[in-house]
Amino acid sequence: MDKAIKRYFPIFVLPTLLAFTMGFIAPFLVGVWLSFCKFTTINDATFIGFSNYTKILTDGTFVHALWYTSLFTIVSVIFINFFAFAIALLLTRKIKGTNLFRTVFFMPNLIGGIILGYVWSLLLNGILLQVERTLTYSSVYGFWGLVILMCWQQIGYMMIIYIAGIQNVPGDLVEAAKIDGATNWQILKNVTLPMVMPSITICTFLTLTNSFKLFDQNLALTNGEPSNMSELLALNIFSTFYGRAGWEGVGQAKAVVFFILVGIIAVTQNVLTRRKEIEQ
Amino acid sequence: MGKKNAAQNMAMTIFFSLLSILWLCPIALVVLNSFKKKAYISRRPFAIPTDKMFVGLENYINGIEKTGFFEAFGWTLFITIGSVFIIILCTSMCAWYIVRVKNTFTSIFYYLCLFSMIVPFQMVMFPLSKIVNMLKLNTPWGLIIVYLGFGAGLSVFMFTGFVKSIPLEIEEAAMIDGCTPIHTFFDVVLPIMKPTCVTVAILQTMWIWNDYLLPYLNLDMKRFKTVSIAIQYLRGGYGSIDMGAMMGVLVLAIIPIIVFYLFCQKYIIEGVVAGAVKG
């Protein structure tokens with residue numbers, strides 16, 4: 001059977017392979033190479049070794065964006081997962097109207113980042129108007145604005161995943177704990193939480209990478225104002241590329257560093273939670 | 001005990017009702033402001049539009065004219081539907097081949113797909129836009145191919161996960177009956193893969209419909225726009241925004257999404273859960 005299928009390689013694999021090569025493999029390899037070059041387009045690239053990378057360190061905006069992004073990621077991962085889990089717990093208790101609530105909470109997720117950014121800039125600027133400030137007054141406002149926006153967008157999505165996880169906890173397990181005289185808190189801590197560990201893994205992974213790679217919302221909400229202080233890493237890379245002439249190489253080097261950071265997060269998170277799941 | 005529970009449930013229902021209303025506030029606020037005069041939107045965003053502030057549909061007309069909204073909407077629809085269709089067709093075929101024909105090449109390809117899932121777009125955006133320009137793919141038709149390339153990783157991964165669970169006997173029976181691999185795939189394998197197709201379609205639609213950076217960098221914007229680009233376009237060169245037009249366009253962009261969501265809610269939520277479990 002293998003052989004029969006094998007001859008059909010051009011029909012089954014070739015289209016995807018060609019597009020994948022053009023859309024991912026080639027740009028990725030060119031990207032790595034360009035990070036060691038000085039260039040404005042691909043054709044005029046000249047090799048200059050590691051100097052793009054050393055320039056990153058002296059560029060204050062990147063270091064600032066790195067801290068800002070890390071802090072933002074930690075805060076939003078905690079907030080989103082805490083509230084999503086709490087709502088999921090309550091909504092699995094057969095409350096009237098559960099379906100409607102679920103529908104409402106999930107809805108913002110389908111709206112694109114650019115739209116969300118402008119929707120929230122209207123609302124948050126309106127609130128800040130009461131104290132005669134705007135979102136771009138300081139990077140602290142931009143920070144919490146982004147956190148609130150991300151909570152609004154992502155809580156529904158994570159809630160759905162948590163609900164699916166909680167519903168998979170076998171009922172007799174909870175029953176047995178109740179008969180043994182466990183309090184609600186003990187059931188949550190010793191039965192539900194360990195049983196939904198896979199959902200927690202998925203949700204932390206999704207929120208981690210979503211927050212760390214956030215771009216559209218950042219662009220629409222504050223555009224990095226005031227003076228690049230509310231810039232997340234992705235936006236910092238973008239504005240280095242397209243906002244500063246002669247810095248294309250540094251932008252590409254930043255992108256490589258960014259990729260390595262995302263890779264490290266993805267791999268560590270996977271290894272750590274895998275280990276936890278096996279222990280059960 | 002029963003009474004106490006009922007009271008508790010009632011309290012919960014009220015609490016969540018309030019929270020739901022709060023949840024919808026940002027959108028309601030945009031709708032409210034879309035009927036106000038420009039000057040009042042940023043100065044008095046929470047006021048109910050009175051006679052003096054009310055402008056009727058002016059903001060909508062203005063926004064549509066400034067951004068070419070309907071054209072942008074049409075292109076976004078075209079790109080999304082085209083890409084999702086092509087992605088499902090090509091990657092499902094590809095995934096089946098990868099699982100059924102095991103050699104070094106297919107396993108390398110599989111691992112490259114996994115790898116591509118953790119690479120952020122910023123890593124490839126500059127070279128990709130140059131390659132796209134060189135190959136003259138900077139049209140909506142070309143963009144479909146770009147999406148197939150950049151979206152292949154996740155889809156191939158999800159389809160291979162499913163194909164591995166299909167028992168080989170079914171396909172072998174079809175082949176012994178004289179089916180070519182193409183017939184076997186389309187008549188036997190693809191129908192079994194339907195649930196995964198729906199999941200992939202939903203995840204890709206959510207991504208492609210809302211994507212901003214990829215079309216922004218790769219489309220020839222003098223001729224084509226997408227909805228996200230049209231909205232961002234309203235932020236003028238110096239950061240000044242025509243708030244009236246913005247509100248109108250935001251409402252126009254949000255309404256179709258909500259309508260679509262209300263109709264396909266069940267599939268979307270199931271798709272998200274299924275996608276998360278495999279991803």
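Criteria and thresholds
- Residues numbered from 1 in each chain as written.
- Chains lettered and ligands numbered in written order.
- Predicted model: local features only at pLDDT ≥ 70, side-chain atom pairs only at ≥ 80, totals over all residues.
- Helix = DSSP H or I, 4+ residues; strand = E, 2+ residues; numbered from the N terminus.
- Buried ≥ 20, exposed ≤ 12 C-beta atoms within 10 Å, placed from the backbone.
- Contact = placed C-beta atoms within 7 Å.
- Rg over C-alpha atoms; globule rule 2.2 N^0.38 Å.
- Domains from an automatic or database assignment.
- Axes fitted to C-alpha atoms, helices over the stretch in contact; angles between N-to-C directions.
- Parallel < 35°, antiparallel > 145°, perpendicular 65-115°, else oblique.
- Left-handed = near helix turned anticlockwise from the far one by under 90°.
- Nonpolar A, V, L, I, M, F, W, Y, C, P; charged D, E, K, R; others polar.

(A) Just the overall build of chain A, in detail. Summing up its helical and strand segments, chain A has 14 helices and two strands in all. With respect to the three principal axes, the spread of C-alpha positions in chain A is 75 × 75 × 35 Å. Burial statistics for chain A: of 280 residues in total, 41% are counted as buried. For chain A, restricting intrachain contacts to residue pairs at least 6 apart in sequence, the fraction spanning at least 24 positions comes to 74%.

(B) Summary view of the overall build of chain B. Broken down by element type, chain B carries 13 helices and zero strands. Helices and strands appear in chain B in the N-to-C order α-α-α-α-α-α-α-α-α-α-α-α-α. The C-alpha atoms of chain B give a radius of gyration of 24 Å, which is well past the 19 Å a tight globule of 279 residues would have. When the backbone C-alpha atoms are referred to their principal axes, chain B occupies close to 80 × 70 × 30 Å.

(C) Broad picture of the interface of chain B and chain A. The interface of chain B with chain A comprises 68 residues on the first partner and 70 residues on the second. Here the element with the most residues in the side of chain B that touches chain A is helix H1 (residues 2-33) of chain B; it accounts for 13 residues.

(D) How the structure looks around the domain arrangement of chain A. According to the domain assignment, chain A contains domain 1 (2-34) and domain 2 (60-279). Centre-to-centre, using C-alpha coordinates, domain 1 of chain A lies 33 Å away from domain 2 of chain A.

(E) Examining unusual backbone geometry more closely. Unlike most non-glycine residues, A:Lys94 shows phi in positive territory, near 60°. The topology assignment puts A:Lys94 in the loop between helix H5 (60-91) and helix H6 (98-106). A positive phi angle, close to 55°, is found at B:Lys136, a residue other than glycine. Inspection of the secondary structure puts B:Lys136 in the loop between helix H6 (121-134) and helix H7 (140-163).

(F) Main features of the packing of helix H3 (residues 14-34) of chain A against H6(B). At a minimum axis distance of 8 Å, the contact between H3(A) and H6(B) shows a crossing angle of 110°. Between H3(A) and H6(B), the angle falls in the class roughly perpendicular. H3(A) and H6(B) meet at a crossing whose hand is right-handed. Where H3(A) abuts H6(B), its residues A:Met22, A:Gly23, A:Phe24, A:Ala26, A:Pro27, A:Phe28, A:Val30, A:Gly31 and A:Leu34 lie against B:Met123, B:Val124, B:Phe126, B:Pro127, B:Leu128 and B:Ile131. Of the residues in the contact of H3(A) with H6(B), the class split is 13 nonpolar, two polar and no charged.

(G) Focus on the environment of A:Leu233. Residue and element names in this part refer to chain A. Structurally, Leu-233 is set in helix H13 (residues 233-243). Through-space distance from the C-alpha of Leu-233 to that of Met-159 is 27 Å; in sequence the pair is 74 residues apart. Apart from residues no more than four positions distant in its own chain, Leu-233 is found in contact with Ala-65, Leu-66, Thr-69 and Phe-258.

(H) Molecular detail of the environment of A:Cys203. Residue and element names in this part refer to chain A. With respect to the helices, strands and loops of the structure, Cys-203 is situated in helix H11 (residues 197-212). On the basis of neighbour count, Cys-203 is assigned to the buried category, with 26 C-beta atoms found within 10 Å. Note: C-alpha distance between Cys-203 and Gln-154 (49 residues apart in sequence) is 9.9 Å. The contact partners of Cys-203, leaving out residues within four places of it in the chain, are Asn-81, Ala-84, Met-158, Ile-161 and Tyr-162.

(I) Here's a closer look at the packing of helix H8 (residues 168-176) of chain B against helix H9 (residues 181-192) of chain B. All names here are of chain B. H9 packs onto H8 with a crossing angle of 140° between their chain directions and a minimal axis gap of 10 Å. With respect to each other, H8 and H9 are oriented oblique. Once H8 is placed against H9, the crossing between them reads as right-handed. Here H8 contributes Ile-170, Glu-171, Ala-174 and Met-175 to the contact with H9, which in turn contributes Thr-184, Val-188 and Val-189. Grouping the constituent residues of the contact of H8 with H9 by class yields five nonpolar, one polar and one charged.

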